[in-house]
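Structure assessment
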Amino acid sequence: MTLPTHTRAAVLRAHGAPLVTEEIPLPDRIEPGAALVRTDCATLCATDVHLWSGAMTFPGMLPMVLGHEMVGTVLAAGEGTVDALGRPVTAGSRIGWSESTCGHCHGCTVLRTPVACEHRGYGFLQRSDRHPYATAGLAEHAYVTPGAQKYLLPEEVEDTWAAAAGCAVKTVLHAFDRAGGTRPGSSVVIQGAGALGIVATAVAKAGGAGPVITIGAPKRRLDLAEEFGADLVLGLDEGPAARKEAVLAATGGRGADLVIDLAGAPGVGAEAVDLAAWGGRFVVVGTTGPAPQEIPLGTVMGKELTVLGSLNGDVGDYHRAIGFLRDFRSRFDWDALFGEPVGLSGATAAVEAMSRLEQTKAVVDPRLP
Ligand SMILES: [Zn+2]
Ligand SMILES: [Zn+2]
């Protein structure tokens with residue numbers, strides 16, 4: 001079989017401008033431990049929207065291809081390529097993957113925390129005019145580098161679900177892990193009703209927490225949160241005072257044992273601390289970027305709160321995400337999270353729809369026209 005030397009990709013050349021569909025090179029050699037895949041599905045994450053708009057930017061990052069949640073079918077694998085569990089990856093394997101780690105730095109070896117890798121390679125750190133060119137989702141083919149953790153996917157997990165596990169779902173599971181999980185009957189407030197907030201609602205409910213309270217907007221997303229297990233949903237138009245009253249009423253006047261920021265909106269930190277119960281935990285996941293946020297430290301002290309940060313997740317979280325999606329597929333309608341698949345020509349519209357909160361998770365199938 002002749003392998004492609006180039007691939008069609010939706011390239012981000014200027015922030016806020018339409019993506020340009022063009023041919024970009026593929027590496028001419030597949031290194032040991034690497035794989036060349038045909039991308040079967042990519043789902044978009046809020047980070048893609050921020051990179052597109054320029055809200056998130058790095059010097060010299062363009063041109064690049066968006067998309068860091070994807071699955072593909074292996075066309076060819078390098079010598080000795082195995083997945084994260086040591087299973088051989090060969091032509092025809094259906095795999096998910098995400099960022100690469102080096103395995104040799106302080107973060108990888110001393111901290112033993114892959115997300116702290118000093119050489120972590122994410123799709124959005126890869127320029128499309130430099131080797132290995134095509135590592136991201138919005139392209140017909142992708143090169144999966146030797147350092148990227150690959151994962152053979154079980155049949156029961158749909159392409160869209162597995163793609164979303166590559167960032168959104170594993171990020172949520174990592175956040176619960178950082179928080180030490182939830183106890184049956186413990187109260188949880190989820191700030192945010194985007195894809196992460198909805199998945200977190202499901203994780204909390206599946207873990208026996210209650211009440212699970214999800215805060216967000218618009219109403220369509222809150223309706224979805226209810227379908228995914230929220231006992232109570234609170235809109236943004238209600239204001240913080242009314243929301244606090246509602247949370248206290250739902251928790252016997254105590255507040256929430258666990259609050260997770262999956263919103264990143266101004267004011268979430270102060271509200272989280274305000275809504276937390278005595279001895280509660282607050283995990284910051286959704287707030288990114290350099291803008292400071294105020295947190296009343298006196299309340300953190302007075303309620304003996306534990307405040308934790310949580311960044312993305314590693315392949316262990318990915319493994320658990322795939323298992324969670326598979327095992328709870330009859331309880332939660334995962335398909336309800338995803339939009340109608342579009343081809344690369346529809347990718348710009350998909351990113352724009354995400355930016356207007358019209359879609360929870362946009363889906364790009366590069367095999368479509
Ligand atoms: Zn490393
Ligand atoms: Zn992401």
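Model, not experiment: these values are computed from the prediction. (Residues numbered from 1 in each chain as written. Chains lettered and ligands numbered in written order. Predicted model: local features only at pLDDT ≥ 70, side-chain atom pairs only at ≥ 80, totals over all residues. Heavy atoms only, no water.)

1. Regarding the domain arrangement of the protein chain
- Partitioning the protein chain into domains gives domain 1 (6–167 + 313–364) and domain 2 (180–309).
- Facing the 13 residues of domain 1 at the interface are 14 residues of domain 2.
- Summing the contributions of domain 1 and of domain 2, the shared interface buries around 1,200 Å²; its carbon and sulfur component is 69%.
- Three residues, Phe332, Leu357 and Thr360, lead the burial of domain 1 against domain 2; their summed loss comes to 40% of the area buried on that side.
- If you look at where domain 1 meets domain 2, you find zero salt bridges.
- Joining domain 1 to domain 2, the criterion identifies three residue pairs in polar contact (both at pLDDT 80 or more).
- Residue classes in the side of domain 1 that touches domain 2 are distributed as seven nonpolar, two polar and four charged. (Domains from an automatic or database assignment. Contact = heavy atoms within 4.5 Å. Buried area = accessible area lost by both parts, 1.4 Å probe. Salt bridge = Lys/Arg side-chain N within 4 Å of Asp/Glu carboxyl O. Polar contact = N/O pair within 3.5 Å; in protein donor to acceptor, adjacent residues only side chain to side chain. Nonpolar A, V, L, I, M, F, W, Y, C, P; charged D, E, K, R; others polar.)

2. Examining the coordination of the zinc ion (ligand 1)
- Protein-derived coordination of the zinc ion (ligand 1) comes from Cys102 (SG), Cys105 (SG), Cys108 (SG) and Cys117 (SG), at a distance range of 2.3 to 2.4 Å.
- Note that the zinc ion (ligand 1) binds four donor atoms; their angles at the metal cover 102 to 119 degrees, and the shape is tetrahedral.
- Taken in chain order, the donor set of the zinc ion (ligand 1) reads C-x2-C-x2-C-x8-C. Highlighted residues: cysteine 105 in the loop between strand E6 (94–100) and helix H2 (106–110) and cysteine 117 in the loop between H2 and strand E7 (141–144), separated in sequence by 12 residues.
- Residue cysteine 105 is classed as buried on the basis of its relative accessible area, which comes to 6%.
- You can call cysteine 117 buried: its relative accessible area is 8%. (Donors = N, O, S within 2.8 Å, 3.2 Å for Na, K, Ca; no water. Tetrahedral: all angles 85-135°; square planar, octahedral: opposite > 155°, others 65-115°. Helix = DSSP H or I, 4+ residues; strand = E, 2+ residues; numbered from the N terminus. Buried < 20%, exposed > 50% of the residue type's maximum accessible area, 1.4 Å probe, protein only.)

3. A word on the sheet that holds strand E9 (residues 188–191)
- A sheet is described by the order of its strands in space; here six strands give the open sequence E11-E10-E9-E12-E13-E14, paired in parallel fashion. Among the strands making up the open sheet, the edge pair consists of strand E11 (232–235) and strand E14 (306–309). In this sheet, neighbouring strand axes are inclined to one another by 15 degrees on average, regardless of whether the strands run parallel or antiparallel.
- As defined by bridge partners, strand E10 (residues 212–216) adjoins E11 across four bridges and the pair is classed as parallel. (Pairing = 2+ DSSP bridges. Axes fitted to C-alpha atoms, helices over the stretch in contact; angles between N-to-C directions.)

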